[in-house]
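Now for the letters of each chain:
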Amino acid sequence: MWEFWLGVAPVPVLLVLGYSVGSWRERRHLAQLAAREQEMAGQVACTNLRHITAPQEVRQATLVMGQAVIASDYFKTFAAHLRNIVGGEVKAFETLMERARREAILRMLEEARALGACEVWNMRLGTSSITGTQQKNPAVSVEVFAFGTAVVRG
Amino acid sequence: MIVVNTETIPGYVVRETKGLVQGNTIRAKHVGRDIAAGFKNLVGGELKGYTELLTEARRQAIERMLAQADELGANAIVNVRFSTSAVTQGAAELFAYGTAVVIEPEQR
């Protein structure tokens, strides 16, 4: 009997650890993203249109990319597993996707800014997962990949 | 070599289309990164090791695509797209493809 409890005991500890540290890290990340987005807002314009017309001539066009792999925490994964039983919206993973997406786009924009670009055209997003598919190790992480054409005018 | 994901390059005209070029690479993650990822799955957050791995892999795929375009005698690749697929457990294929073209600066 005690062997069973020994096996179960770490779970609440991991849940508390996952919830406290995980949500703290998430809040910090979201705050950091908001600050970086605000800083970026006036500098590089991002669009998924093929091109933007502006009076200034285009001097250079380059491919820029950004990517981010974000892992779920123990609590989120646990909550999602529970969700899987009853079905419905998995709120816990929504913020995960949002963080990965915003991070990837920001990285792409930062690369564009480093080139001296003022716009990114034809922005596309892709996702992939290199984890979470294994039966043995059901770790959850998402990868978001953003790419576009950085345009330097002048 | 100019690489863009738009169909045209502003300031240039396409003289000749050389055809589709592609580059791919399959990368597996290693055990050290797996251990770090296992820990990160407790507390959440970015998996820097995997981000690096994928960045590196994508660069490699692009480089292979560029080499193909070079062979064809193109000087630009337009309409570049990326795709990924999971081949086996823990390995990912990264694939980049686009159209190799010969461009010339626009006459004004």
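See above for the structure.
Given the structure is predicted, the values throughout are model-derived calculations rather than measurements. (Residues numbered from 1 in each chain as written. Chains lettered and ligands numbered in written order. Predicted model: local features only at pLDDT ≥ 70, side-chain atom pairs only at ≥ 80, totals over all residues. Heavy atoms only, no water.)

Asks: Is there a simple way to explain the interface of chain A and chain B in this structure?
Replies: How big an interface is tends to be reported as the loss of accessible area on association of its parts. Every contact between the two is made by 42 residues of chain A and, on the other side, 34 residues of chain B. Buried surface at the junction of chain A and chain B, both sides included, amounts to about 3300 Å², of which 59% is carbon and sulfur. Where chain A packs against chain B, one counts three salt bridges. A salt bridge links glutamate 143 of chain A to arginine 58 of chain B; its shortest N-O distance comes to 3.2 Å. Summed over the shared surface of chain A and chain B, the result is 12 residue pairs in polar contact (both at pLDDT 80 or more). Those elements that provide at least two residues to the side of chain A that touches chain B are α2 (10-41), β2 (58-73), α4 (91-114), β3 (119-128) and β4 (141-153) of chain A. When residues of the side of chain A that touches chain B are assigned to their parent elements, the largest contribution, 12 residues, is made by β2 of chain A. A per-class count over the side of chain A that touches chain B returns 18 nonpolar, 15 polar and nine charged. (Contact = heavy atoms within 4.5 Å. Buried area = accessible area lost by both parts, 1.4 Å probe. Salt bridge = Lys/Arg side-chain N within 4 Å of Asp/Glu carboxyl O. Polar contact = N/O pair within 3.5 Å; in protein donor to acceptor, adjacent residues only side chain to side chain. Helix = DSSP H or I, 4+ residues; strand = E, 2+ residues; numbered from the N terminus. Nonpolar A, V, L, I, M, F, W, Y, C, P; charged D, E, K, R; others polar.)

Asks: How should the nonpolar core be read in this particular structure?
Replies: Taken as a class, soluble globular proteins show a tendency for nonpolar side chains to be buried jointly. Membership of the largest hydrophobic core comes to 20 residues, with the highest contact counts inside it found for Val44, Val64, Met108, Leu109, Ala112 and Val120 of chain A. Listed by contribution, the elements that provide at least two residues to this core are α2, β2, α4, β3 and β4 of chain A. In this structure valine 120 of chain A touches Val44, Ala45, Cys46, Thr47, Val64, Met108, Leu109, Ala112, Gly148, Thr149 and Ala150 of chain A, once residues within four positions along its chain are discounted. In terms of nonpolar packing, the next biggest core, distinct from the first, is built from 16 residues, Ala61, Ile62, Met65 and Ala100 of chain B among them. (Core = buried A, V, L, I, M, F, W, Y, C linked by side-chain atoms within 4.5 Å. Buried < 20%, exposed > 50% of the residue type's maximum accessible area, 1.4 Å probe, protein only.)

Asks: Explanation requested: the side chain of asparagine 5 of chain B in the structure shown.
Replies: In this structure, asparagine 5 of chain B sits in the loop between β1 (2-3) and β2 (12-28). Asparagine 5 of chain B sits in the buried class, given a relative accessible area of 0%. Here the side chain of asparagine 5 of chain B touches threonine 149 of chain A through a polar contact of 2.4 Å, side chain to side chain. Ignoring anything within four residues of it in the chain, the contact list for asparagine 5 of chain B reads Leu63, Trp121, Asn122, Arg124, Phe147, Gly148 and Thr149 of chain A together with Asn79, Val80 and Arg81 of chain B.

Asks: Help me out: how do you make sense of the sheet that holds β1 of chain B in this one?
Replies: Sheets are built from strands paired through backbone hydrogen bonds, the pairs being either parallel or antiparallel. Residue and element names in this part refer to chain B. Strand order in the open sheet formed by four strands is β1-β4-β5-β2, and the pairing between neighbours is mixed. The open sheet has two edge strands, β1 and β2, and neither has a second partner. Direction of pairing for β1 relative to strand β4 (residues 76-86): parallel, over a ladder of two bridges. Bridging across to β4, valine 3 finds its partner in isoleucine 77. In the packing of helix α2 (residues 48-72) onto the sheet, the strands contacted are β1, β2, β4 and β5 (91-105), and the crossing angle to β2 comes to about 140 degrees. (Pairing = 2+ DSSP bridges. Axes fitted to C-alpha atoms, helices over the stretch in contact; angles between N-to-C directions.)

Asks: Sorry if this is basic, but what is going on with the packing of α2 of chain A against helix α3 (residues 74-86) of chain A here?
Replies: What describes two packed helices is the angle between their axes and the distance between those same axes. Residue and element names in this part refer to chain A. Where α2 meets α3, the closest approach of the two axes is 6 Å, and the angle between their N-to-C directions is 110 degrees. It follows that α2 is roughly perpendicular to α3 by the angle criterion. Of the residues in α3, those touching α2 at Val11, Leu14, Leu15, Gly18, Tyr19 and Glu26 are Tyr74, Phe75, Lys76 and Phe78. Split into classes, the residues belonging to the contact of α2 with α3 amount to seven nonpolar, one polar and two charged. (Parallel < 35°, antiparallel > 145°, perpendicular 65-115°, else oblique.)

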